[in-house]
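# Understanding the architecture of this molecule
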Amino acid sequence: MNKHLRPIFPLLVVALGAVALLRFFTAASKTTPTPVAGTTPRPQASIQPARSGNFSALGYLEPVSKVRVLAAPIQVTEGAPRIQSLNVDEGQQVEKGQILAVFDTLQRVDSQKELVIARIASIKSQARLLENETKRYRQLAKQGVFPAAELEIKELKLLELKSQLREAIAELNKSETERQYSFLRAPISGTILKVLVRTGERPSPRGVMELGATDQMMAVIQVNEDNIRQIHLGQDVILRSENMSFPQRLNGTVSRISQKIGNRKQLSQDPRDDSDWEARTIDVEVRIQPDQSAIVSKLTGAKVVAIFQK
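These lines cover the structure that appears in this document, whether it is placed above or below. (Residues numbered from 1 in each chain as written. Predicted model: local features only at pLDDT ≥ 70, side-chain atom pairs only at ≥ 80, totals over all residues. Heavy atoms only, no water.)

### Topic: the overall build of the protein chain
Each helix and strand counted, the protein chain has four helices and 13 strands in total. For the protein chain, with 310 residues in total, the buried portion stands at 33%. A separation threshold of at least 6 residues defines the contact pool for the protein chain, and within that pool the share at least 24 residues apart is 74%. Split by element, the accessible area of the protein chain, about 19,800 Å² in all, is 55% carbon and sulfur. (Helix = DSSP H or I, 4+ residues; strand = E, 2+ residues; numbered from the N terminus. Buried < 20%, exposed > 50% of the residue type's maximum accessible area, 1.4 Å probe, protein only. Contact = heavy atoms within 4.5 Å. Areas by Shrake-Rupley, 256 points an atom, 1.4 Å probe, with all protein chains shown as cover.)

### Quick notes on the sheet that holds strand β7 (residues 190-195)
What the four strands build is an open sheet, ordered β2-β8-β7-β4; its pairing is antiparallel. Sheet topology places β2 (68-70) and β4 (93-94) at the edges, where each strand pairs with a single neighbour. One ladder, built from three bridges, connects β2 with strand β8 (residues 209-212); its direction is antiparallel. Counted as the bridge partner of V69 is E210 from β8. (Pairing = 2+ DSSP bridges.)

### As for the pattern of salt bridges
Side chains that differ in sign of charge can pair as their charged atoms come close. With the rule as written, the count across this model stands at eight salt bridges. E62 is the partner of K66 in a salt bridge, and the nearest nitrogen-oxygen pair spans 3.5 Å. Under the relative-accessibility criterion, E62 is labelled buried at 13%. Taking the shortest distance from any N to any O, the salt bridge between K113 and E176 comes out at 2.4 Å. Placement of the pair is K113 in helix α2 (residues 105-142) and E176 in helix α3 (residues 148-180), with a sequence separation of 63 residues. With a relative accessible area of 29%, E176 lands in the partly exposed category. A single salt-bridge network, built from bridges that share partners, covers E62, K66, R256 and E285. (Salt bridge = Lys/Arg side-chain N within 4 Å of Asp/Glu carboxyl O.)

### Some details on the packing of α2 against α3
Across the interface, α2 lies against α3 with an axial gap of 8 Å and an inter-helix angle of 160 degrees. When the axis of α2 is compared with that of α3, the two are roughly antiparallel. The hand of the α2/α3 crossing is left-handed. Of the residues belonging to the contact of α2 with α3, the class tally is 17 nonpolar, five polar and 15 charged. (Axes fitted to C-alpha atoms, helices over the stretch in contact; angles between N-to-C directions. Parallel < 35°, antiparallel > 145°, perpendicular 65-115°, else oblique. Left-handed = near helix turned anticlockwise from the far one by under 90°. Nonpolar A, V, L, I, M, F, W, Y, C, P; charged D, E, K, R; others polar.)

### Details of the sheet that holds strand β1 (residues 55-63)
Ordered in space as β1-β9-β12-β11-β10-β13, the six strands form a closed barrel in which the pairing is antiparallel. If you compare each strand with its neighbour and ignore which way they point, the axes differ by 45 degrees on average.

Rendered as structure tokens:
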């Protein structure tokens, strides 16, 4: 090496290294970083809105008339009565007014009713005899044969019997009303979706059974609040099964938009399946076309994906 260049050689090496490092970091800043092996990327919501096109959201199937949870009458002193007999099974079709179950209060109410009927018959018989006797004594009192004071006593007794008769009749009417509460009747025609108790059991606050009119189904879709402005009544929606409970794609329209914001309903027993279940959402009801309702009439609660059309 030339002896004149030897003193500046180290400076040239440092300068060239600095230029190389500068080019490396400049190129790295323009490249998307690759995740480090073994790390888990931050989870993203499975359903993302498409601002310029259609967007999707999760929901579940339900009868248009909603699922009715039928409860037992609550007694102040004893709580809910026990089930004496169940007249239906899950999946059975029932008609409005049909007796679905009988409670054990029926025997007690019928026994009380029989006693009241017997008391009414006795009071009527006593009143009839006393009324005939009072009429006869009234004629004698006019003739001065019978003291007026004793006649007044009999008339007061007759009034008391008539008052007892009115009270007994009112008690009979009350027992008849109570008797109706011994039967669980279907408030609508529909399908028994679930039976929650069995014969001999006392119903819990969850009720006796669930009933739904599954001839017309809908989907309740939980739309994130920041997407609700993209929803309008009558909007076309395509529904598909999240878990392949039905293979077809269903067509529907938005029939109702809730006015209340709440938390997303968790649609799975495994929290990992609904990682965004704490999101703030608005329920949007999608009415399924009538000719397609039969496809999902037995799938109340099934998880669906709704694709809202622009």
